[in-house]
Amino acid sequence: MRDDLLVQLQEWHEEDEFQEIVDAIQAIPVEERDYELVNHLGRALNNLERYEEAVEQFLTVAKEGTGDPLWHYRIGLAYYYLEQYAHALQAFERADELDPEDEDTLEFLEWIRSKMEEEPSEESVDESVDTVPSITEISTVPVSVSHLEPTGFWNDSAEAVDQYVLAPPTDEQVESVEEQLVFKLPTSYINMMKLHNGGVPHYRHFPVSQAEAAKKVRVEVKGILGIGREKAHSLGGETGSRFIIEQGGYPEIGVVICECPSDSEVVMLDYRESGNAGEPEVVHVDKKESYKITWLAPNFETFIQGLVNEENQPANLKGAL
């Protein structure tokens, strides 16, 4: 049955019947779509010029696509036509590493570099262009967060600021909190907190990898904990990471980085693979599901880039994410 479907999908692709592909795959329950089906869906959405939807689909199978040059090529193509050239460049460079000398990849790399050279620089505070989130290179190598546009990404309501937002941390404060937690915080997270230390994002949903999905298709966060101790909702605060882990019985795998609307769920930095001083992965832990751990992203950078709002629109990030 599945083999017949794959043959039919390929026939539709060759006949340019891309909507047929979309309709057929979307009729399958999300939890039953595997990596191959999601890639067929993403490719069809690209061909229908529905690039933001394509990116969303590709991100749900990011973990499985790590070593697949076609996955990087296809998400890179979507970013290219969204005019997100920095992210497209990263994706095509990774595709080239995995499948050297592919002519189509090299051609896109040439176009992208040409486009980036043509982009005019803006003056004063508007030095960077709006971007949508990308998966970047799926690896354990972190890419530094250099700027997040506060009014676009963050919901700075009076309540959110009162509960979450602290003054930017000094290097000494970062070291002090790291000593308290016994974990080295990711550089990308530290850089982000130096610009806006904790808060409630407008974009609070993260698509869950198809391989991990089970019941959940998206994880929702309530707030990102900042670096400090002054606010209860901060890493070292009275209801911060250690409090949540100890009171909730969560696994001792790292640091709670985000609270969720449900008191039985958290998003954590997971140091099991990297060690306490390495680059942690990002996971979701569900207490009600016997503390089920669901992998979300290979690093904090990628997690932030993958956040979307309720309409599945990507975060309004500015600069080099």
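Here the structure is shown first, and the text comes after it.
Residues numbered from 1 in each chain as written. Predicted model: local features only at pLDDT ≥ 70, side-chain atom pairs only at ≥ 80, totals over all residues. Heavy atoms only, no water.

**Things to note about the packing of aromatic side chains**
Considering all chains together, one arrives at 16 aromatic pairs under this definition. On the numbers, 4.8 Å between centres and 10° between planes, the contact of F92 with F108 is stacked. With F92 in helix α6 (residues 85-98) and F108 in helix α7 (residues 103-118), this pair connects stretches of sequence that are 16 residues apart. You'll find F92 and F108 in the same group, each marked buried. Centre to centre, the rings of F108 and W111 are 5.1 Å apart; their planes meet at 75°, and the pair counts as edge-to-face. Taken together, the positions of F108 and W111, both in helix α7 and three residues apart, correspond to about one turn of that helix. Classification of F108 as buried rests on a relative accessible area of 6%. (Phe/Tyr/Trp six-rings, centres within 6.5 Å; stacked < 30°, edge-to-face > 60°. Helix = DSSP H or I, 4+ residues; strand = E, 2+ residues; numbered from the N terminus. Buried < 20%, exposed > 50% of the residue type's maximum accessible area, 1.4 Å probe, protein only.)

**Quick word on the pattern of salt bridges**
Summed over the entire model, instances satisfying the criterion amount to nine salt bridges. The partner of D171 in a salt bridge is K194, and the shortest N-O contact between them spans 2.6 Å. Of this pair, D171 sits in helix α10 (residues 171-181) while K194 sits in helix α11 (residues 187-195), and the two are 23 residues apart along the sequence. Note on D171: relative accessible area 44%, which makes it partly exposed. Among the ionic pairs, R242 bridges to E246, the shortest N-O distance being 3.0 Å. With R242 and E246 both in helix α12 (residues 241-248), this residue pair falls four residues apart, about one helical turn. You can call E246 exposed: its relative accessible area is 52%. (Salt bridge = Lys/Arg side-chain N within 4 Å of Asp/Glu carboxyl O.)

**Thoughts on the packing of helix α1 (residues 2-14) against helix α3 (residues 35-47)**
Two elements in contact, α1 and α3, have axes whose closest approach is 12 Å; the angle formed by their N-to-C orientations is 15°. Judged on the interaxial angle alone, α3 and α1 are roughly parallel. Taken as a pair, α1 and α3 cross one another with a handedness that is left-handed. Contacts between α1 and α3 involve R2, L5, L6, L9, Q10 and H13 from the first element and E36, L37, H40, R43 and N47 from the second. Grouping the amino acids of the contact of α1 with α3 by side-chain chemistry returns four nonpolar, four polar and three charged. (Axes fitted to C-alpha atoms, helices over the stretch in contact; angles between N-to-C directions. Parallel < 35°, antiparallel > 145°, perpendicular 65-115°, else oblique. Left-handed = near helix turned anticlockwise from the far one by under 90°. Contact = heavy atoms within 4.5 Å. Nonpolar A, V, L, I, M, F, W, Y, C, P; charged D, E, K, R; others polar.)

**Description of the nonpolar core**
Counting 46 residues, the largest nonpolar core has L185, Y189, I224, I227, L235, V267 and F303 as its most contacted members. Among the nonpolar cores identified, the runner-up in size contains 37 residues, and I25, V61, Y79 and A91 belong to it. (Core = buried A, V, L, I, M, F, W, Y, C linked by side-chain atoms within 4.5 Å.)

**What about the pairing of strand β8 (residues 292-297)?**
Where strand β7 (residues 281-286) and β8 come together, five bridges link them in antiparallel fashion. Directly across from H284, in β8, lies its bridge partner T294. (Pairing = 2+ DSSP bridges.)

**Focus: helix α2 (residues 18-26)**
All buried positions along α2 are accounted for by F18, I21, V22 and I25. In a view along the axis of α2, the buried residues occupy a sector of 95°, so they form one face of it. Packing partners of the buried residues in α2 comprise α1 and α3. (Arc of directions from axis to C-beta.)

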